Amino acid sequence: GISVQDYAQECAAQGLRGDYTVCRPDFTAEQKYDYSAAEQDVWRTLCDRQTRLTQRLAHKSYLDGMSALDLVDRIPDFHDVSEKLRKLSGWEIVAVPGLIPAQPFFDHLANRRFPVTNWLRTREELDYIVEPDMFHDFFGHVPVLSQPVFGDFMQMYGEKAGDLIALGGDEMTTRLYWYTAEYGLMQEAGQPLKAFGAGLMSSFTELQFAVESADAHQVPFDIETVMRTVYEIDKFQRAYFVLPSFDVLRDAFQNSDLAGIIKRWKDEPPLDPATI
Ligand code: HBI
Ligand code: FE
């Protein structure tokens, strides 16, 4: 894998914001709880605004996690959150300077550690930011990691992703993460449609679009279809996959012949999300 030093240079060259020069070999860093009053204020603004939406649009598993973890009054302390999360699902969080290479990212997931970015967007970036920041990582990803079954899926994803990519399934493997952990919807039998994916939970506009808009394209989850369907970053998704439960996601990942699916489809044209 790439060394921290080489990655730090690459990120600096690309203008990424995190300080990668202070990482450990596994790309974790200190949280250093020295946020300014302005940063605390941005955090509260983001949480207040988004909580009004999540109350209505987030799946119960997300809301239960959110109340158990107590994330919204001030920028969370990573150690406090880890302690609570460990008791709920065996997960913990580690601080990172931002995006890290795929291999160490998967390695953390495989060990039930979720990497959370240790810096926060500015007030000018409330609505949109290119890189994942602490708000996306905490507010988006961490609450559902309190749910053991979703946590099991994320752990298994971390364990298997490297092998699946090595089979030529890079895009197919990433699509699975994208359409579940980032943009997943959930509709339990007899219940209204809700969201849980982190990209939705941390977006003011797309969360409303995905769940409530007549123009949003919502498709029943099928692991093979998900892996074949392209996505675009920086735009609203043209399809959202709807899970009936986290058990279905975990069991599909555990029991499907993912290597076979990759062999069958990796060199075929992908599916268009607008028409599935
Ligand atoms: N690093 N911090 C961080 N967060 C991510 O979500 C992330 C990453 N590195 C790699 C990565 N994601 C991708 O490989 C995933 O999209 C699978
Ligand atoms: Fe994310």
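Residues numbered from 1 in each chain as written. Chains lettered and ligands numbered in written order. Predicted model: local features only at pLDDT ≥ 70, side-chain atom pairs only at ≥ 80, totals over all residues. Heavy atoms only, no water.

Caption draft 1: Spatial organisation of the site of ligand 1. Near ligand 1 the following residues occur: Val96, Gly98, Leu99, Ile100, Ala102, Phe105, Phe106 and Thr174. Interatomic distance of 3.0 Å between a backbone N/O atom of glycine 98 and a nitrogen atom of ligand 1. Alone, ligand 1 offers 400 Å² of accessible surface; in the complex the protein occludes 84% of this. Because more than half of its atoms lie within 2 Å of the grid, ligand 1 is assigned to the largest pocket. (Near = heavy atom within 4 Å. Polar contact = N/O pair within 3.5 Å; in protein donor to acceptor, adjacent residues only side chain to side chain. Areas by Shrake-Rupley, 256 points an atom, 1.4 Å probe, with all protein chains shown as cover. 1 Å grid on protein atoms, 1.4 Å probe; cavity = no way out; pocket = protein on both sides within 12 Å on 5 of 7 lines; lining within 4 Å. Sits in = over half its atoms within 2 Å of the grid points.)

Caption draft 2: Spotlight on the pairing of strand β2 (residues 113-117). Within β2, four of the five residues are buried, leaving the element largely enclosed by the surrounding structure. Bridging between strand β1 (residues 92-96) and β2 involves five bridges; their strand directions are parallel. Bridged to valine 94 within β2 is proline 115. A crossover connection joins β1 to the parallel β2 through helix α5 (residues 102-110); in handedness this β-α-β unit is right-handed. (Buried < 20%, exposed > 50% of the residue type's maximum accessible area, 1.4 Å probe, protein only. Helix = DSSP H or I, 4+ residues; strand = E, 2+ residues; numbered from the N terminus. Pairing = 2+ DSSP bridges. Right-handed = clockwise from strand over helix to strand, strands pointing away.)

Caption draft 3: Structural detail: helix α7 (residues 148-182). With 35 residues, α7 ought to run about 51 Å at 1.5 Å a step, yet its terminal C-alpha atoms sit only 18 Å apart, falling short of that. At glycine 169, α7 shows its largest bend, some 135°. (Expected span 1.5 Å × (residues − 1). Bend = angle between axes of the 7 residues up to and from the residue.)

Caption draft 4: Looking closely at the pattern of salt bridges. In this structure the tally under the stated criterion is 18 salt bridges. The partner of aspartate 41 in a salt bridge is arginine 44, and the shortest N-O contact between them spans 3.9 Å. In this pair, aspartate 41 and arginine 44 both sit in helix α2 (residues 37-57), three residues apart, roughly one turn of the helix. Between aspartate 152 and arginine 112 there is a salt bridge, and its shortest N-O distance comes to 2.9 Å. One end of the pair, aspartate 152, is in helix α7; the other, arginine 112, is in the loop between α5 and β2, and 40 residues separate them in sequence. Shared partners join several salt bridges into a network, and the residues in it are Arg112, Asp152, Asp247, Arg250 and Asp251. (Salt bridge = Lys/Arg side-chain N within 4 Å of Asp/Glu carboxyl O.)

Caption draft 5: Looking closely at empty space enclosed by the protein. Considering all chains together, one arrives at one cavity of 30 Å³ or more under this definition. A volume near 40 Å³ is recorded for the largest cavity. (Points joined across faces, edges and corners; volume = space filled by probe spheres on them.)

Caption draft 6: Looking closely at the coordination of the iron ion (ligand 2). For the iron ion (ligand 2), every protein donor is listed as His136 (NE2), His141 (NE2) and Glu182 (OE), and the spread of their distances is 2.0 to 2.1 Å. Linear spacing of the donor residues for the iron ion (ligand 2) on their chain is H-x4-H-x40-E. One end of the pair, histidine 136, is in helix α6 (residues 134-141); the other, glutamate 182, is in helix α7, with 46 residues separating them in the sequence. (Donors = N, O, S within 2.8 Å, 3.2 Å for Na, K, Ca; no water.)

Caption draft 7: Region of interest: helix α4 (residues 78-89). Taking 1.5 Å per residue, twelve residues should reach 16 Å; α4 reaches 16 Å between its end C-alpha atoms and fits that length. Where α4 is concerned, the buried positions are Phe78, Val81, Ser82, Leu85 and Ser89. In an axial view of α4, the angular spread of the buried residues amounts to 100°, which keeps them on one side of the axis. In α4, the exposed residues that point more than 90 degrees away from the buried face are His79 and Lys87. The secondary structure elements touched by the buried residues of α4 are α3 (60-69), β1, β2, α6 and α7. The N-cap of α4, judged by a side-chain oxygen 2.9 Å from the amide nitrogen of histidine 79 a few residues on, is aspartate 77. Glycine 90, located one to two residues past α4, shows a positive phi value of around 80°. (Arc of directions from axis to C-beta. Contact = heavy atoms within 4.5 Å.)

Caption draft 8: Region of interest: the nonpolar core. Counting 85 residues, the largest nonpolar core has Phe114, Phe138 and Phe150 as the members making the most contacts within it. It is α7 that provides the largest number of residues to this core, a total of 13 residues. (Core = buried A, V, L, I, M, F, W, Y, C linked by side-chain atoms within 4.5 Å.)

Caption draft 9: Just the packing of α2 against α6, in detail. Interhelical geometry of α2 versus α6 gives an angle of 35° and a closest axis separation of 12 Å. Here α2 and α6 pass one another in a crossing that is right-handed. Contacts from Trp43, Leu46, Cys47, Gln50, Thr51 and Thr54 in α2 reach Met134, Phe135, Phe138 and Phe139 in α6. (Axes fitted to C-alpha atoms, helices over the stretch in contact; angles between N-to-C directions. Left-handed = near helix turned anticlockwise from the far one by under 90°.)

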